[in-house]
Amino acid sequence: PGACPSLCECSEPAKTVKCVNRNLTAVPPDLPPYVRSLFITGNPLTDLPSGAFRAQRLPDLASLNLSGNHLRTVEAGSLALPALRQLDLSGNALVSFSPQAFGQGGSPLEELALRGALRDHGVLLSLAALLQSGALRNLSRLELADNGLLLLPAGMFTALPALRQLDLSNNSLVGLRNVSFQGLGQLQSLNLSENSLGVLWNSTLAQFRSLPALRHIVLGHNTWVCDCAIEDLVAWLKESDQVEGKEALTCASPDKMLGKALLKINGSELNCSVPTDLPSQLQTSYVFLGIVLALIGAIFLLVLYLNRKGIKKWMHNIRDACRDHMEGYHYRYEINADPRLTNLSSNSDV
């Protein structure tokens, strides 16, 4: 006990073990039990099976850095460590991440870094399921930068009441309409820089206003579209003190607004002659159209009911006329088919 693995460097006074760039393909089974900070980085490690870290042998392991390996799968129970507070899985090409990776019960994990590790959409959904399960309710810092994310699963952050820092920078996020920040009462910092955001809608801005601890929002290097839809965002920027460096936010389109600071935009420049929230306007129009059609249908049925006797008489008249007409055709057919009457003129009366 207490021996150092042959391919690692150990410091018992610092409670640290480093296995960096040692061509490891599996987690060393003989890690010293005193370790609190473990670095296994830069290795061709591909799988993290269940029981990769022996929880009973590593009761004090609090910080685990597995960044820069070749990890693809994280199996159930592979990270079930009783004292784990910090985990870094950045720089791995994950394709499978079990929602039960931290075991059946809750985990004490406080910091989770997944920078550049969520390129596979299935892994993102698995992570969302893990976060929504409540297994990481103690998480205070979550780093999801550099993952090329376009959209986030709905309700992904709803079970993280202790979250204070959320980093979503350097992705490709085009919108936040399906993202809920409700319940993040402790959130202090939100980094949304270097994405593809064109506008932030009123529903998202209202959530930002409702978070009492949120004082640091980073929105730089996004593709802001300066048309009528951006009016609410501009008004919020002018009145809010939550956004860092808001003076540097500029328009990316249209061409006439390119490079103009958002804080210097006036309503007259946007030429807003149409409603900005088109989906809600369309929804209102559909509701109004449905009411009008229902009213017309009700009036039509009422008219039919009030004129039911006249309509019935009219139908009888049409039926009688059709019957007389068909009887005339039938009568003429019998005459033409009778050989005794072949010499009669077609215009004669029989």
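To keep things clear, this report deals only with the structure shown in the data block. Within each chain, residue numbers correspond to sequence positions counted from 1 in written order. Two thresholds apply to this predicted model, a pLDDT of at least 70 for residue-level local features and 80 or more for giving and counting side-chain atom pairs, whereas whole-chain, interface and lining totals are computed over all residues. In computing side-chain properties, one takes all heavy atoms of the structure into account and sets aside hydrogens as well as water.

### A closer look at the environment of Pro 59
Strands are runs of DSSP state E lasting at least two residues, helices are runs of H or I lasting at least four, and both sets are numbered from the N terminus onward. Within the secondary structure, Pro 59 is located in the loop between β4 (47–48) and β5 (63–65). Residue class for Pro 59 comes out partly exposed when judged on its relative accessible area of 38%. With residues near it in sequence (within four places) discarded, Pro 59 still touches Pro 33, Pro 82 and Ala 83. Each residue gets one of three labels from its accessible area relative to the maximum for its type: buried under 20%, exposed over 50%, partly exposed in between, using a 1.4 Å probe on protein chains only. For this analysis, residues touch if any pair of their heavy atoms sits within 4.5 Å.

### A look at the sheet that holds strand β13 (residues 216–218)
Where strands meet in a sheet, backbone hydrogen bonds hold them as pairs that are either parallel or antiparallel. At least two bridges found by DSSP between two strands are what make those strands a pair. Ordered by their spatial adjacency, 11 strands build an open sheet running β1-β2-β3-β5-β7-β9-β10-β11-β12-β13-β15, and the pairing between neighbours is mixed. Of all strands in the sheet, those bounded by a partner on one side alone are β1 (9–11) and β15 (243–244). The pairing of strand β10 (residues 141–143) with strand β11 (residues 165–167) spans 3 bridges and is parallel. Within β11, the residue paired with Leu 142 across the bridge is Leu 166.

### A few points about the nonpolar core
Each nonpolar core is a collection of buried residues, namely Ala, Val, Leu, Ile, Met, Phe, Trp, Tyr and Cys, held together in the definition by side-chain atoms within 4.5 Å. By size, the foremost hydrophobic cluster in this structure holds 82 residues, and its most contacted members are Phe 53, Phe 102, Leu 142, Phe 157, Phe 208 and Leu 262. With 6 residues, the single largest contributor to this core is helix α1 (residues 121–132). Beyond its immediate chain neighbours, meaning those up to four positions away, Phe 208 contacts Phe 181, Leu 190, Leu 192, Leu 200, Leu 214, Ile 217, Trp 236 and Gln 242.

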